[in-house]
Amino acid sequence: MDLPTDLAAALDAATADLPLRELEASVDRLIARYRAPGHADRPILAGRVDAAAYAAYRMPATWGAVRGALAAAGARVAGLAPTSLVDVGGGSGAAAWAAAGVFGASLRDVTVLDQVPEALELGRRLARDAFAGALRHAEWRQVRFPAGVPAADLVTVSYVLSELAPDAQEALVRASAAGAETIAVIEPGTPDGYQRIMAARDVLVGMGLRVAAPCPHSDACPLLGTRDWCHFASRIHRSPLHRRLKGADLGHEDEKYAYVVATRLPVPAPTASQARILRHPQIRKGLVMMQLCQPDGTVAQTLVSKRQGDTYRAARDADWGDEWGAAQPAMSEGPQASAG
């Protein structure tokens, strides 16, 4: 996926007057801090350069992950057409941009909450010339977490929980869900990120919300207690500045993320044949192998052969994270090691 052209242009403009050496040094510091164990005891971004550096190297990936999560939920829940969004811990607004891309026809009111004034100011500048009116007129509000979260049709909490202590994580999820019709929580696609998503999922289900994505059910995750974990990936094309700041040669990156979207809206009961593809389908000569999370709360390995015609062609086009709606016999059951 490419960033929206208006966002890409805004990011280029926001970093144009900052020395590249300062941006690179800031990225190095930020990467080291985000990889350090333990939650942060103060905001990680400390000034305009940090905010711009973080947006340049992380905003595309965050945008792609949130867009993937919201698109999956939108495909499952026909009535998901939010008019209002609260982006919790949104910083420069990556989740707001993603929501505007997925729900642009309905979204009118956007509020971004964050602790760092420099990130909010940058977000305001980036959205100033956005094509979406909801972004141009968004409210950028400084708060400290956990704090009260305004009610909204959609609340996003992306890449925030890892910066909080466990009790504060639960408090923030509860506060974010209290007035939300739909809530999306996104974390890095690591084992630790998956565990944070599972804890958030338990809280949301306990509050009476129904899981809209990625799970085809609201039962316990069948991967808990195994060596595998549920996560997905979004491929993002890198700009020249993005490649330079990340010291990368490839023109793309695959952002791996874990997420849950839960809602108070009606979620259609999946048929026995609907499932979620949990890893890249493995394509062999005349055969496609897929690991599926099934509506009955189990994980199964499904094989589709060339003899199955249209179903086989659909399986060859299917991708990690897609829904799989064709009834296929499960050749073996049980969690498999992650290929992601």
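These remarks concern the structure in this document. Per chain, residues are indexed from 1 in the order of the written sequence. Thresholds applied to this predicted model are a pLDDT of at least 70 for local features of residues and 80 or more for the giving and counting of side-chain atom pairs; totals over whole chains, interfaces and linings are not thresholded and use all residues. Side-chain numbers come from the whole structure's heavy atoms, not from hydrogens or water.

### Examining the overall build of the protein
Working step 1: A tally of regular secondary structure across the protein gives 10 helices and 14 strands.
Working step 2: Partly exposed describes any residue whose relative accessible area lies between the buried limit of under 20% and the exposed limit of over 50%, with all areas from a 1.4 Å probe on protein chains only and scaled to the type maximum. A total of 340 residues make up the protein; the buried ones form 51% of that total.
Working step 3: Contacts are residue-level and defined by heavy atoms, with any inter-residue pair within 4.5 Å sufficient. Here the analysis covers contacts within the protein between residues at least 6 apart in sequence; of these, 72% occur between residues at least 24 apart.
Working step 4: When the accessible surface of the protein is totalled, it reaches about 14,900 Å², and 51% of it is carbon and sulfur. Secondary structure elements are taken from DSSP: a helix is a run of H or I of four residues or more, a strand is a run of E of two residues or more, and numbering for both begins at the N terminus. To be clear on the numbers: accessible area is Shrake-Rupley with a 1.4 Å probe, and residue cover counts the displayed protein chains and nothing else.

### A few points about the packing of aromatic side chains
Working step 1: Only centres within 6.5 Å qualify two rings of Phe, Tyr or Trp (six-membered ring in Trp) as a pair; their planes then separate them into stacked at under 30 degrees, edge-to-face at over 60, and tilted for everything else. All told, the structure shown has three aromatic pairs when counted by the stated rule.
Working step 2: Geometrically, the ring pair formed by F232 and Y259 is tilted, given 5.6 Å between the ring centres and 55° between the ring planes. Placement of F232 in strand β7 (residues 232–237) and of Y259 in strand β8 (residues 252–263) is noted, with a sequence separation of 27 residues between them.
Working step 3: By relative accessible area, which is 3% here, F232 ends up buried.
Working step 4: With relative accessibility at 5%, the residue Y259 sits in the buried group.
Working step 5: The interplanar angle of 35° and the centroid separation of 5.7 Å between the aromatic rings of Y257 and Y259 together place this pair among those described as tilted.
Working step 6: By the ring-pair criterion, three or more aromatic residues cluster together here, those being F232, Y257 and Y259.
Working step 7: Two limits define a charge over a ring: the Lys NZ or Arg CZ must be within 6 Å of the ring centre, and within 35 degrees of the ring normal. Over the face of the ring belonging to Y159 we find R58, whose NZ or CZ atom lies 5.0 Å from the ring centre.

### So, the nonpolar core
Working step 1: Throughout this description, the term nonpolar core refers to a set of buried Ala, Val, Leu, Ile, Met, Phe, Trp, Tyr and Cys residues connected via side-chain atoms within 4.5 Å. Ranked by size, the top nonpolar core spans 89 residues in total, and within it V88, V155, V157, I183, V185, I186 and Y259 carry the most contacts.
Working step 2: Here this core takes 10 residues from helix α3 (residues 48–76), the largest share from any one element.
Working step 3: The contact partners of I183, leaving out residues within four places of it in the chain, are V155, V157, V173, S176, A177, L204, L209, V260, V261 and A262.
Working step 4: M290, L292, V304 and A318 belong to the second-largest nonpolar core, a separate cluster that totals 10 residues.

### A look at the packing of α3 against helix α5 (residues 117–127)
Working step 1: Contact geometry for α3 and α5: axes closest at 8 Å, N-to-C directions at 60°. Classified by the angle their axes make, α3 and α5 are oblique. Considering how the two elements wind past one another, α3 and α5 form a crossing that is right-handed. Contacts between α3 and α5 involve R48, A51, A52, A55 and M59 on the former and, on the latter, E118, A119, L122, R125 and L126.
Working step 2: Here the contact of α3 with α5 is composed, by residue class, of seven nonpolar, no polar and three charged. To obtain each axis, a line is fitted to C-alpha atoms, and for helices this fit is confined to the stretch in contact; angles are then taken between N-to-C directions over 0 to 180 degrees. Relative orientations are named as follows: roughly parallel for angles under 35 degrees, roughly antiparallel for angles over 145 degrees, roughly perpendicular for angles from 65 to 115 degrees, and oblique for any other angle. Crossing chirality is assigned from the near helix's rotation relative to the far helix, an anticlockwise turn below a right angle marking it left-handed and a clockwise turn marking it right-handed. Residues were grouped as follows: Ala, Val, Leu, Ile, Met, Phe, Trp, Tyr, Cys and Pro as nonpolar; Asp, Glu, Lys and Arg as charged; and all remaining residues, including Gly, as polar.

### Examining the pattern of salt bridges
Working step 1: Salt bridges are identified by distance alone: a Lys or Arg side-chain nitrogen within 4 Å of an Asp or Glu carboxyl oxygen. Taken as a whole and judged by the stated rule, the model has six salt bridges.
Working step 2: The partner of E121 in a salt bridge is R124, with the nearest N and O atoms 2.5 Å apart. With E121 and R124 both in helix α5 and three residues apart, this pair spans about one turn of that helix.
Working step 3: The exposure class assigned to E121 is partly exposed, which follows from its relative accessible area of 38%.
Working step 4: On the basis of relative accessibility, which here comes to 36%, the residue R124 falls in the partly exposed class.
Working step 5: Salt-bridge contacts for R141 lead to E139; the nearest nitrogen and oxygen are separated by 3.1 Å.

### What to know about the environment of P266
Working step 1: Mapping P266 onto the fold places it in the loop between β8 and β9 (275–277).
Working step 2: For P266, a relative accessible area of 66% translates into the label exposed.
Working step 3: Those residues in contact with P266, other than ones at most four positions away along the chain, are V77 and R210.

### Describing the pairing of strand β1 (residues 84–88)
Working step 1: Counting buried positions over the five residues of β1 gives five, a clear majority of the element.
Working step 2: Note on pairing: DSSP must find at least two bridges between two strands before they are called paired. Bridge count for β1 against strand β2 (residues 109–114) is five bridges, and the pairing is parallel. Bridge pairing links V86 to T111 in β2.
Working step 3: A crossover connection joins β1 to the parallel β2 through helix α4 (residues 94–103); in handedness this β-α-β unit is right-handed.
Working step 4: Bridge analysis of β1 against strand β4 (residues 152–158) gives four bridges, and the strand direction is parallel. If the strands point away from the viewer and the path from the first strand over the helix to the second runs clockwise, then the crossover is right-handed.

### Comments concerning the packing of helix α1 (residues 5–15) against α3
Working step 1: Between α1 and α3, whose axes approach to 10 Å, the crossing angle comes to 145°. Crossing angle aside, the handedness with which α1 passes α3 is left-handed. Between α1, through L7, L11, A14 and T15, and α3, the contact on the second element is made entirely by R48, A52, A55, A56 and M59.
Working step 2: Residue classes in the contact of α1 with α3 are distributed as seven nonpolar, one polar and one charged.

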